[in-house]
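Here are the chains, one letter per residue:
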Amino acid sequence: MFTLPHSLNALYPYHPHWVIDTPVELTSLEVNVTATVDVRGAMAVDPSVPVGFQTMACHIHFRAKEGTPPELLEKLKLAAERCCIVQQTLKSPPPVKTTFTTSGLARSDA
């Protein structure tokens, strides 16, 4: 059993419309994420193929305690999507900085 507590509201002092103000008791929760990739890009076989996943899908199946109002379940869906750090990062990726440090290089005394 999973419960989304009232304390979630404490994290959001401005109470946006998607915050749930009533606990939701879930009796089951299953999350499946799938992705497709053409590895020819990553393996440098075909430079026209991008490196990375071409598509991603997230399917969430949950069951709430009997009698939970449908409006509350809609709020839960909105809040879950809005607050998912991974999904939001994938949708709007931040800049990524890569640094390389090397050591043990052979010296040339030519």
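Relevant structure appears above.
Keep in mind the model is a prediction, meaning the values are calculated, not measured. (Residues numbered from 1 in each chain as written. Predicted model: local features only at pLDDT ≥ 70, side-chain atom pairs only at ≥ 80, totals over all residues. Heavy atoms only, no water.)

(A) Here's a closer look at the overall build of the protein chain. Looking only at helices and strands, one finds two helices and three strands in the protein chain. When the elements of the protein chain are put in sequence order from the N terminus, they spell out β-β-β-α-α. For the protein chain, buried positions account for 13% of its 110 residues. In the protein chain, of all internal contacts separated by at least 6 residues, the share reaching a separation of at least 24 is 53%. Roughly 9300 Å² of accessible area belongs to the protein chain as shown, and the carbon and sulfur atoms make up 61% of that amount. (Helix = DSSP H or I, 4+ residues; strand = E, 2+ residues; numbered from the N terminus. Buried < 20%, exposed > 50% of the residue type's maximum accessible area, 1.4 Å probe, protein only. Contact = heavy atoms within 4.5 Å. Areas by Shrake-Rupley, 256 points an atom, 1.4 Å probe, with all protein chains shown as cover.)

(B) Geometry of helix α1 (residues 70–83). Taking 1.5 Å per residue as the helical rise, α1 with its 14 residues ought to reach 20 Å, and the 20 Å between its terminal C-alpha atoms agrees with that figure. Among the residues of α1, those classed as buried are L72, L76 and A79. For α1, the angular spread of the buried residues around the axis is 70°, confining them to a single face. Exposed and facing more than 90 degrees away from the buried side of α1 are P70 and E71. (Expected span 1.5 Å × (residues − 1). Arc of directions from axis to C-beta.)

(C) Spatial organisation of the nonpolar core. By size, the foremost hydrophobic cluster in this structure holds five residues: V24, L26, A64, L72 and L76. Secondary structure elements with two or more residues in this core: β2 (24–37) and α1. (Core = buried A, V, L, I, M, F, W, Y, C linked by side-chain atoms within 4.5 Å.)

(D) Here's a closer look at the pattern of salt bridges. The full count for this structure, using the stated rule, is five salt bridges. Between D38 and R40 there is a salt bridge whose closest N-O contact spans 2.5 Å. Residue classification places D38 among the partly exposed residues on the basis of a relative accessible area of 23%. For R40, a relative accessible area of 37% corresponds to the partly exposed category. (Salt bridge = Lys/Arg side-chain N within 4 Å of Asp/Glu carboxyl O.)

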